[in-house]
Amino acid sequence: MKRFWLNLPDKNDSLEITTTNNNLSLFESSSEKAYTVDVGNYSLEKLRDNLVSKGLDARIGEIKAPKNTKLLVLFLDSSFTNVSGSFITFIGGIESIDKGDRQEENIVH
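Predicted model only: the values in this text are computed from it and were never measured.

S.K.: Please give an account of the sheet that holds strand 7 (residues 69-76) that cites residues and values.
M.R.: Spatially, 4 strands are ordered 6-7-1-9 in an open sheet, and the strand pairing comes out antiparallel. Since the sheet does not close on itself, it has two edges, and those belong to strand 6 (57-63) and strand 9 (94-98), each with one partner. Averaged over all neighbouring strand pairs, the angle between strand axes comes to 25°, with direction disregarded. Here strand 1 (residues 2-6) pairs with strand 9 via 4 bridges, running antiparallel. If you follow Leu6 over to strand 9, its bridge partner there is Ile94.

Below, the structure written as structure tokens:
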């Protein structure tokens with residue numbers, strides 16, 4: 001398993017997804033899996049639910065120090081090497097990638 005920890009905008013209580021920021025690509029070896037996030041205004045929980053409805057294992061994570069920071073976490077097979085797209089750019093990019101070595105209590109939902 002590989003976890004992609006994705007940054008979120010500072011104001012993440014209402015995220016506006018439009019046709020210019022709704023593309024998400026997952027890269028596995030030499031293949032790409034593309035997803036489109038539905039256009040609309042989302043709370044963080046609703047955004048996670050939308051990604052889950054598309055077959056992704058998405059959860060909300062949190063880093064307690066130096067400040068409480070919420071992140072969107074994608075749980076993918078170890079064979080995935082990268083995530084990209086206008087959606088990743090919009091939310092703030094990748095904070096980190098790990099193989100499960102970050103403490104489980106950092107996963108909120």
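S.K.: Just give me the short version of the side chain of Asn21, but keep the residues and values in it.
M.R.: When you line up the elements, Asn21 lands in the loop between strand 2 (15-17) and strand 3 (23-28). Within the structure, Asn21 has its side chain in polar contact with the backbone oxygen of Glu16 (distance 3.2 Å). If near-sequence neighbours (up to four positions away) are discounted, Asn21 is found in contact with Glu16, Ser86, Phe87 and Phe90.

S.K.: Tell me about the pattern of salt bridges, and name the residues and values.
M.R.: Per the stated rule, a full pass over the model turns up 5 salt bridges. Put simply, Glu28 and Lys33 hold a salt bridge, and the shortest N to O gap is 3.8 Å. On the basis of relative accessible area, Glu28 is assigned to the buried category, the value being 19%. Classification of Lys33 by relative accessible area gives partly exposed; the value is 37%. For Arg48, the salt bridge identified is with Asp49, shortest N-O distance 3.0 Å. Judged by its relative accessible area of 15%, Arg48 is buried. Taking the relative accessible area as the measure of exposure, Asp49 reaches 42% and is therefore partly exposed.

The rules behind the values
Residues numbered from 1 in each chain as written. Predicted model: local features only at pLDDT ≥ 70, side-chain atom pairs only at ≥ 80, totals over all residues. Heavy atoms only, no water. Pairing = 2+ DSSP bridges. Helix = DSSP H or I, 4+ residues; strand = E, 2+ residues; numbered from the N terminus. Axes fitted to C-alpha atoms, helices over the stretch in contact; angles between N-to-C directions. Polar contact = N/O pair within 3.5 Å; in protein donor to acceptor, adjacent residues only side chain to side chain. Contact = heavy atoms within 4.5 Å. Salt bridge = Lys/Arg side-chain N within 4 Å of Asp/Glu carboxyl O. Buried < 20%, exposed > 50% of the residue type's maximum accessible area, 1.4 Å probe, protein only.

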